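A closer look at the structure
Residues per chain are reported as follows:
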Amino acid sequence: MGKTSFLNFFVFAILFIVNSCTATEEIKVYELKKGDFSIKITNYGATVLSVILPDKHGKLDDVVLGYDSIGDYKNDTTYFGGLIGRVANRIGGAKFELNGVEYKLPANDHGNTLHGGSRGFSDVIWTVEDHQEDSHLTLTYNSFDGEQGFPGDLSVKVKYMFIGTNKLALNMQAKPLNKATPVNLASHTYWNLGGHTSGNILSHTIQIFGSKITPVNDKLIPNGEITPVEGTAYDFLQPRTIGSKLSEIPGGYDINYVLDNTEGTHFQRVAIVEESKSGRKMELWTNKPGVQFYTSNMLDNVKGKGGSVYSKYAALCLETQGFPDSVNHPNFPSQIVNPGETYKHIMVYRFTAS
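The written sequence of each chain sets the order in which its residues are numbered from 1. Confidence filtering applies because this is a predicted model: local features only for residues at pLDDT of at least 70, side-chain atom pairs given and counted only at 80 or more, and all residues used for totals across whole chains, interfaces and linings. To obtain the side-chain values, all non-hydrogen atoms of the structure were used and water was disregarded.

Identification of the chain as Aldose 1-epimerase from Datura stramonium is taken from an unreviewed UniProt entry. UniProt positions are given in the numbering used here, feature names are shortened, and annotations may be inferred rather than shown by experiment. What UniProt records for the chain under Sequence similarities (unreviewed entry) is the sentence "Belongs to the aldose epimerase family."

Next comes the structure, spelled out in structure tokens:
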């Protein structure tokens, strides 16, 4: 190697090391805390790392699944706590057509696209815009035209914030800058109200305010139908334990519920979850038309926080969202957002214990 080549190689190596260190230093953990209620979030994937809540006796527990190190989140396939996008859930055939153009996406799930592709929003570093420990954390991300195959530049913002003493809100917004694009953001937090080390969630009681579902095929892609849950194992219109009819659902629950707008507004109650031993209760509201109810069916002895091992049914997810594969089903609510429009997605959790 000549002197000039060696010098160029040396400069490149130094720049590589500096950039690698800078990227590592950008990833941090931020806490929101109000009394006994605290949340930790990292700007890697805008990911929820922990949620600490008291039980009915005042005992504190972390009620979400996760890992000890950020490195584990980088290699994660469970999407623990991640902010999912550009399009959450599945897109059939890893493609869609918009304004006469076919867009091909990464096929990262049995020939389909799952949770934004092979490197979705839960796998990128977000920018911290604002942080106040007793109030809120605001994160932003600029998605470029063609990222994971999606059209147009997209400006994205998520704000985690306290409301009062026992509510957590997520305010997700996205603005297309130059092209129409599908947008469907979701929070993929895994909840176990007994504590993340307490075993499975089959004894949790749940009520879901959705009288219909969007049935799927064996690859979990909707067939385009919207069918009632009444009289089926998917019926949680009245509270019952998650495990009470699980034997009728091969593999466990992983389905989109069509929410009932029972109060005549665009902001509606999604679900109520209770765990009897701890007395903890979680209520969820949203402005979106659907919620994916998932009972962590794919967890298979995943090594988690503090040496915990998470097995099947160790947690539940309630991912408020647009319907899966909406880009390929004109009868589903559209997820297309045009330049000049703003995508808005709000979630509010209320936590109590008695």
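Before going further, it helps to spend a moment on the packing of aromatic side chains. Only the six-membered ring of Trp is used, alongside the rings of Phe and Tyr, when aromatic pairs are assigned; centres must lie within 6.5 Å, and planes under 30 degrees apart are stacked while those over 60 apart are edge-to-face, with the rest tilted. Summed over the entire model, instances satisfying the criterion amount to 20 aromatic pairs. Ring geometry for F37 versus F162: centroids 5.0 Å apart, planes at 55 degrees, classification tilted. Of the two residues, F37 sits in strand β2 (residues 37-42) while F162 sits in strand β12 (residues 154-163), which places them 125 residues apart along the sequence. The same class applies to F37 and to F162, which are both buried. The secondary structure listing takes helices from DSSP runs of H or I that are at least 4 residues long and strands from runs of E that are at least 2 residues long, numbered from the N terminus. When accessible area is computed with a 1.4 Å probe and restricted to protein chains, residues below 20% of their type maximum are described as buried, those above 50% as exposed, and intermediate ones as partly exposed.

For the rest of this paragraph, the subject is the sheet that holds strand β1 (residues 29-34). Only strands that DSSP links by at least two bridges are regarded as paired with each other. Reading across the sheet, the four strands line up as β1-β2-β3-β4 and stay open at both edges, with antiparallel pairing between neighbours. Two strands in the sheet have a free side with no partner beyond their single neighbour: β1 and β4 (60-62). Adjacent strand axes in the sheet meet at a mean angle of 15 degrees, parallel and antiparallel pairs treated alike. Here β2 pairs with strand β3 (residues 47-54) via five bridges, running antiparallel. Its bridge partner lying in β3, T42 is registered against T47. For every element, the axis is a line fit to its C-alpha atoms; helices are fit only across the contacting stretch, and the angle between N-to-C directions ranges from 0 to 180 degrees.

What follows covers the side chain of Q292. By the secondary structure assignment, Q292 is in strand β23 (residues 290-294). Reaching out from Q292, the side chain makes a polar contact with the side chain of Q321 at a distance of 3.1 Å. Any two residues whose heavy atoms approach within 4.5 Å are treated as being in contact. Leaving out residues up to four positions away in the same chain, Q292 has contacts with N89, D254, I255, N256, C317, L318, E319, Q321 and P324. Counting of polar contacts relies on pairs of N or O atoms within 3.5 Å, with two restrictions inside protein: one atom must be capable of donating a hydrogen and the other of accepting it, and residues adjacent in sequence are counted only when both atoms are side-chain atoms.

Before going further, it helps to examine the sheet that holds strand β20 (residues 254-258). On the basis of which strands lie adjacent, the open sheet formed by five strands has the order β18-β17-β20-β23-β26 and antiparallel pairing. Strands at the two margins of the open sheet, each flanked by one partner only, are β18 (227-228) and β26 (317-321). Judged from the five bridges that link them, β20 and β23 form a sheet pairing that is antiparallel. If you follow N256 over to β23, its bridge partner there is Q292.

Of note, G146 is situated in the loop between β11 (136-143) and β12. Classification of G146 by relative accessible area gives partly exposed; the value is 38%. With 34 residues separating them in the primary sequence, G146 and A180 have C-alpha atoms 12 Å apart.

Burial within β11 is extensive, with seven of its eight residues counted as buried. Relative to β11, strand β10 (residues 127-132) runs antiparallel, the two being bridged by five bridges. When the bridges of β11 are listed, V128 appears paired with L139. Between β10 and β11, which pair antiparallel one after the other, the connecting turn spans three residues.

Attention shifts here to the pattern of salt bridges. When a carboxyl oxygen of Asp or Glu lies within 4 Å of a side-chain nitrogen of Lys or Arg, that pair is called a salt bridge. If you walk through the whole model with that rule in mind, you get nine salt bridges. A salt bridge links K305 to D62; its shortest N-O distance comes to 2.4 Å. Of this pair, K305 sits in the loop between β24 (302-303) and β25 (309-310) while D62 sits in strand β4, placing them 243 residues apart in sequence. For the pair formed by K305 and D62, the shared burial category is buried. Residues K219 and D218 are paired through a salt bridge, measuring 3.9 Å at the closest nitrogen-oxygen approach. The exposure class assigned to K219 is partly exposed, which follows from its relative accessible area of 34%. By relative accessible area, which is 68% here, D218 ends up exposed. Several salt bridges converge on common partners, so that one network encompasses K59, D61 and R280.

This part covers the environment of V337. Locating V337 in the fold gives a position in strand β27 (residues 336-337). Placed 176 residues apart in sequence, V337 and M161 show a C-alpha to C-alpha distance of 25 Å. When residues no more than four places from it in sequence are discounted, the contact partners of V337 are P176, K179, A180, T181, V183, T342 and Y343.

Among soluble globular proteins, nonpolar side chains are generally buried collectively. Remark: nonpolar core denotes a set of buried residues (Ala, Val, Leu, Ile, Met, Phe, Trp, Tyr, Cys) joined through side-chain atoms within 4.5 Å. Within the largest apolar cluster, 60 residues are counted, with the highest numbers of intra-cluster contacts made by W126, Y160, F293 and L318. In terms of residue count, the dominant contributor to this core is β12 (five residues).

Here we come to unusual backbone geometry. The linkage connecting G85 with the following residue, R86, adopts the cis geometry, with an omega of 5 degrees. For R86, the position within the fold is in the loop between β5 (82-84) and β6 (90-91). Of note, A94 is a non-glycine position whose phi angle comes to about 55 degrees, a positive value. With respect to the helices, strands and loops of the structure, A94 is situated in the loop between β6 and β7 (95-98). One non-glycine residue, N301, adopts positive backbone phi at about 55 degrees. For N301, the location among the structural elements is in the loop between β23 and β24. On the basis of relative accessible area, N301 is assigned to the exposed category, the value being 51%.

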